[in-house]
Amino acid sequence: MSHADSQTVSISLLDKEFSFNCPADAEAELLASADLLNEKMRDIRKSGKVLGLERIAVMAALNLAHELLQSRQSANDNVEHRLRHLGNKIDTALQTNNRSGDSDDTI
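Note that the coordinates shown come from a computational prediction; the quantities given were computed from them, not determined experimentally.

**Concerning the nonpolar core**
Generally speaking, soluble globular proteins have nonpolar side chains that are buried together. The biggest cluster of nonpolar side chains holds eleven residues, and these are Val9, Ile11, Leu13, Leu14, Cys22, Ala34, Met41, Ile44, Val50, Ile56 and Ala60. Within the residue set of this core, elements represented by two or more residues are strand 1 (6-13), helix 1 (27-47) and helix 2 (53-105). What Leu13 contacts, discounting residues up to four positions off in sequence, is Phe18, Ala34, Leu37, Asn38, Met41 and Leu53.

**Considering the pattern of salt bridges**
Side chains that differ in sign of charge can pair as their charged atoms come close. Within the structure shown, the criterion is met by two salt bridges. Residue Arg42 pairs with Asp15 through a salt bridge whose shortest N-O separation is 3.1 Å. Of the two residues, Arg42 is situated in helix 1 and Asp15 in the loop between strand 1 and strand 2 (16-23); the sequence distance between them amounts to 27 residues. As a salt-bridge pair, Lys40 and Glu67 come within 2.7 Å of each other at their nearest N and O atoms. With a gap of 27 residues between them, Lys40 in helix 1 and Glu67 in helix 2 connect regions that are remote in the sequence.

**What about the environment of Glu17?**
With respect to the helices, strands and loops of the structure, Glu17 is situated in strand 2. The exposure class of Glu17 is exposed, given its relative accessible area of 55%. Look past the residues within four positions of Glu17 in its chain and what remains in contact with it is Ser10, Ile11 and Ser12.

**Observations regarding a nonpolar patch on the surface**
The grouping of Val79, Leu83 and Leu86 at the surface amounts to a nonpolar patch, some 280 Å² of accessible area in total. Tracing the backbone through its elements, the reader meets Val79 in helix 2. Taking the relative accessible area as the measure of exposure, Val79 reaches 45% and is therefore partly exposed.

The rules behind these values
Residues numbered from 1 in each chain as written. Predicted model: local features only at pLDDT ≥ 70, side-chain atom pairs only at ≥ 80, totals over all residues. Heavy atoms only, no water. Core = buried A, V, L, I, M, F, W, Y, C linked by side-chain atoms within 4.5 Å. Buried < 20%, exposed > 50% of the residue type's maximum accessible area, 1.4 Å probe, protein only. Helix = DSSP H or I, 4+ residues; strand = E, 2+ residues; numbered from the N terminus. Contact = heavy atoms within 4.5 Å. Salt bridge = Lys/Arg side-chain N within 4 Å of Asp/Glu carboxyl O. Patch = residues over 30% accessible without salt bridge, like charges linked within 9 Å, V, L, I, M, F, W, Y side chains within 5 Å. Areas by Shrake-Rupley, 256 points an atom, 1.4 Å probe, with all protein chains shown as cover.

Rendered as structure tokens:
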């Protein structure tokens, strides 16, 4: 990525400003990600159990990573379920086809 293809984007996390370089076409995703992270960090700060910006950021990152892993597992489980279902449909169709084909073979 050349410097001409990137831009500086400012985000705010718990009222602290950060600047990042990002590809020109990724600004919306960066801002949406920052909004989500800021929301998680605010929730953690409101709980009062974690103090300090760095610790709150780490806790928010861990929570988001955990949610991502759960989402991936759920998606994998859904794909596996659908594949089993399709396999059963194929088996049923093949069995039905074999039964109808067997009767045609007799003379």
